[in-house]
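Chain by chain, the residues:
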Amino acid sequence: MIEIAEAQVLSQQMKKELVGKTISQVSFGNSPHRFAFFSTEEETYDLWLVGKKVEQVSSVGNYVLLELADCRLSFSEGLNFYWLSAGEKLPKKYQFSLTFSDGYILACSVSMYGAMMLQNEALPGNEYFQVAVEKPSPLSEDFNQAYFQKLVAETKPTISLKGFMGTEQRIPGLGNGSLHDIFFTAKLLPKRKLNTLSPEDITELYQSMKTILAKIVAEGGRNTEKDFYEQPGGYQTILSSKTWKNSCPRCGDEIQKVSFLGGTVYYCEGCQK
């Protein structure tokens, strides 16, 4: 899934490839998907996108944004990208594509669910996007420790750490995949209640979040996800589907895998308190 760090990595890669290119054709793919989400009908995408030049590529939260003169196209959630030169074979199944005037094609396929949303004066974007725009990114200087402590103070004290950091759009774009390593680095259990944290714990949690997210971006995304060029990221996850069967790299205890708050969590009871 695209999370905040992957969105930034993808936007950097797509900026390099797409800025200055003109869209010549839009396709809704060759394989309809129940959980491929679009903001309106195909004809509207054609109207707003065909003949338009990509002026900028950016990210906000877990959204990657293609900026055109009078609209934007956002990509989010579980999307796989295929960057194809003229004549290269399209994927066997895909749900969306943009063909550019020089023959290059950007195709997308959906894993689980994904969104390719046109945004213009009549389609401003959904509420999740608006919240992501309004709140500071944890990758930015505006998301400082004072802001983090303000979030803590404003949140129900009996909520779990996963609930605090991963729900209600408190930190847009921060998802389950990154939280495993953040909690591990902070030596805190995802089920632990917010009101049990000491001031030192809160500082450690904040610093761990900043450190892990910056590291994921610097290393090109997590190794459980693929980038714009269909390559796995260089960041080696500490706790993930790739590692949980191994013993804890810090204390040697068994890694736990459980379902919690709508997703899988991995943690070590030996050294996460």
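Placed above this text is the structure.
To keep things clear, this report deals only with the structure shown in the data block. (Residues numbered from 1 in each chain as written. Predicted model: local features only at pLDDT ≥ 70, side-chain atom pairs only at ≥ 80, totals over all residues. Heavy atoms only, no water.)

Digging into the overall build of the chain
Then step 1. Counting secondary structure elements, the chain contains seven helices and nine strands.
Then step 2. Against the globule reference of 19 Å for 273 residues, the chain gives a C-alpha radius of gyration of 20 Å, in line with a compact fold.
Then step 3. On the principal axes, the C-alpha backbone points of the chain span a range of 55 × 35 × 30 Å.
Then step 4. In the chain, once contacts between residues fewer than 6 apart in sequence are set aside, the share between residues at least 24 apart is 63%. (Helix = DSSP H or I, 4+ residues; strand = E, 2+ residues; numbered from the N terminus. Rg over C-alpha atoms; globule rule 2.2 N^0.38 Å. Contact = heavy atoms within 4.5 Å.)

Observations regarding the pattern of salt bridges
Close approach of charged atoms allows side chains with opposite charge to pair.
Then step 1. Summed over all chains, the structure comprises eight salt bridges.
Then step 2. The partner of Arg-72 in a salt bridge is Glu-67, and the shortest N-O contact between them spans 3.5 Å.
Then step 3. You can call Arg-72 partly exposed: its relative accessible area is 25%.
Then step 4. Residues Lys-215 and Glu-219 are paired through a salt bridge, measuring 2.8 Å at the closest nitrogen-oxygen approach.
Then step 5. The class of Lys-215 is partly exposed, set by a relative accessible area of 37%.
Then step 6. Its relative accessible area of 32% is what places Glu-219 among the partly exposed residues.
Then step 7. Taken together, the shared-partner salt bridges connect Glu-3, Glu-6 and Arg-222 into one network. (Salt bridge = Lys/Arg side-chain N within 4 Å of Asp/Glu carboxyl O. Buried < 20%, exposed > 50% of the residue type's maximum accessible area, 1.4 Å probe, protein only.)

A word on the packing of aromatic side chains
Then step 1. In the structure shown here, the tally under the stated rule is 20 aromatic pairs.
Then step 2. Taking 6.0 Å as the distance between ring centres and 70° as the angle between the ring planes, the aromatic pair formed by Trp-83 and Phe-100 counts as edge-to-face. A residue pair is termed long-range when its members are at least 10 positions apart, and Trp-83 in strand β5 (residues 72-84) and Phe-100 in strand β6 (residues 96-100) qualify at 17 residues. This pair shows no difference in class: Trp-83 is buried, exactly as Phe-100 is.
Then step 3. By the ring-pair criterion, three or more aromatic residues cluster together here, those being Phe-28, Phe-38, Tyr-45, Phe-75, Phe-81, Trp-83, Phe-96, Phe-100, Tyr-104, Phe-228 and Tyr-229.
Then step 4. Over the aromatic face of Phe-260 sits the side chain of Lys-191, whose NZ or CZ is 5.4 Å from the ring centroid. (Phe/Tyr/Trp six-rings, centres within 6.5 Å; stacked < 30°, edge-to-face > 60°. Lys NZ or Arg CZ within 6 Å of the ring centre and 35° of its normal.)

Let's talk about the side chain of Asn-223
Then step 1. Note that Asn-223 resides in the loop between α7 (199-218) and β8 (255-260).
Then step 2. You can call Asn-223 buried: its relative accessible area is 13%.
Then step 3. Separated by 3.0 Å, the side chains of Asn-223 and Thr-237 make a polar contact.
Then step 4. Apart from the residues within four sequence positions on either side, Asn-223 is in contact with Pro-232, Gly-233, Tyr-235, Gln-236, Thr-237 and Lys-242. (Polar contact = N/O pair within 3.5 Å; in protein donor to acceptor, adjacent residues only side chain to side chain.)

Points about the pairing of strand β9 (residues 263-268)
Then step 1. Most of β9 is tucked away: five of the six residues are buried.
Then step 2. In the sheet, β8 pairs with β9 via six bridges, with the strands oriented antiparallel. Residue Ser-259 lies in a different strand from β9, and its bridge partner there is Thr-264.
Then step 3. The turn joining β8 and β9, which pair antiparallel and follow one another in sequence, is formed by two residues; a positive phi near 55° is taken by Leu-261. (Pairing = 2+ DSSP bridges.)

Some points on unusual backbone geometry
Then step 1. Its identity as a non-glycine residue notwithstanding, Met-112 has a phi of 65°, on the positive side.
Then step 2. Mapping Met-112 onto the fold places it in strand β7 (residues 105-119).
Then step 3. Take Met-112: its relative accessible area is 60%, and that puts it in the exposed class.

Some points on the environment of Pro-190
Then step 1. Mapped onto the elements, Pro-190 comes out in the loop between α6 (176-186) and α7.
Then step 2. Judged by relative accessible area, Pro-190 falls into the buried class, the value being 2%.
Then step 3. Residues Pro-190 and Gly-163 lie 27 residues apart in sequence; the distance between their C-alpha atoms is 8.3 Å.

What about the state of the cysteines?
Then step 1. Enumeration according to the criterion identifies zero disulfides in this entry.
Then step 2. The closest cysteine sulfur to the non-disulfide-bonded Cys-268 is located on Cys-251, 3.4 Å from its own sulfur.
Then step 3. Note on Cys-268: relative accessible area 0%, which makes it buried. (Disulfide = S-S within 2.5 Å.)

Examining helix α1 (residues 4-18)
Then step 1. Between the first and last C-alpha of α1 there are 20 Å, a value that for 15 residues agrees with the 21 Å anticipated at 1.5 Å per step.
Then step 2. Of the positions making up α1, those classed as buried are Ile-4, Ala-5, Glu-6, Ala-7, Val-9, Leu-10, Ser-11, Gln-13, Met-14 and Leu-18.
Then step 3. Contacts from the buried residues of α1 go to β3 (56-60), β4 (63-67), β5, β6, β7 and α7.
Then step 4. One or two residues past the end of α1 sits Gly-20, with phi positive at roughly 95°. (Expected span 1.5 Å × (residues − 1).)

Structural measurements only, silent on function.
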